[in-house]
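Structural characterization, general
For reference, the chains in residue letters:
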Amino acid sequence: MPLLTNIERRALARGAKENSQQNIFDLLEIRFGTLPERLIQTLKQLDDMTVLKQLHLQTISVNYLEEFQQLIDSNLTNIT
């Protein structure tokens with residue numbers, strides 16, 4: 001198996017992050033319709049794959065988009 005260069009590793013990580021974010025967007029759109037731009041922009045700020053996985057699972061249990069926005073905001077606050 002060939003070794004990956006740093007550029008290839010970063011590209012794979014970026015692709016995984018974008019895929020995870022898109023999965024979250026898709027699930028929220030199915031449940032709630034059009035997403036507010038603020039939610040989209042704040043979710044795009046998250047880079048931690050563990051956090052993104054948790055948020056992905058939480059799309060199932062949130063009752064409102066505002067509740068999901070609060071989850072994102074709390075994760076951004078914990079990072080900074």
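To be clear, the structure that these remarks concern was listed above.
The following paragraphs examine the structure supplied in this document.

Conventions adopted
- Residues numbered from 1 in each chain as written.
- Predicted model: local features only at pLDDT ≥ 70, side-chain atom pairs only at ≥ 80, totals over all residues.
- Heavy atoms only, no water.
- Helix = DSSP H or I, 4+ residues; strand = E, 2+ residues; numbered from the N terminus.
- Contact = heavy atoms within 4.5 Å.
- Areas by Shrake-Rupley, 256 points an atom, 1.4 Å probe, with all protein chains shown as cover.
- Lys, Arg positive; Asp, Glu negative; His and termini not counted.
- Charge placed at Lys NZ, Arg CZ, Asp CG, Glu CD.
- Core = buried A, V, L, I, M, F, W, Y, C linked by side-chain atoms within 4.5 Å.
- Buried < 20%, exposed > 50% of the residue type's maximum accessible area, 1.4 Å probe, protein only.
- Axes fitted to C-alpha atoms, helices over the stretch in contact; angles between N-to-C directions.
- Parallel < 35°, antiparallel > 145°, perpendicular 65-115°, else oblique.
- Left-handed = near helix turned anticlockwise from the far one by under 90°.
- Nonpolar A, V, L, I, M, F, W, Y, C, P; charged D, E, K, R; others polar.

Each helix and strand in the protein was counted, giving 4 helices and 0 strands. Traced from its N-terminal end to its C-terminal end, the protein shows the element sequence α-α-α-α. Here the C-alpha coordinates of the protein stretch approximately 45 × 30 × 20 Å along the principal axes. The long-range fraction of contacts in the protein, counting pairs at least 24 apart against all pairs at least 6 apart in sequence, stands at 68%. Surface accessibility of the protein: about 5700 Å² in total, with carbon and sulfur atoms responsible for 56%. Averaged over its 8 positive side-chain charges, the protein has a centre that lies 7 Å from the centre of its 10 negative ones.

Below, the discussion takes up the nonpolar core. Counting residues in each nonpolar core, the largest one holds 16 residues, and the members touching the most others are L43, L46, L55, F68 and I72. If you list the elements that add at least two residues to this core, you get α1 (6-32), α2 (37-44), α3 (49-58) and α4 (65-79). The element best represented in this core is α4, accounting for 4 residues.

At a minimum axis separation of 10 Å, α1 and α3 run at an interaxial angle of 15°. Between α1 and α3, the crossing angle belongs to the class labelled roughly parallel. The two elements α1 and α3 cross, and the hand of that crossing is left-handed. Contact residues: α1 offers A16, K17, S20, Q21, N23, I24 and L27, while α3 offers M49, L52, L55 and H56. Classifying every residue of the contact of α1 with α3 by side-chain character gives 6 nonpolar, 4 polar and 1 charged.

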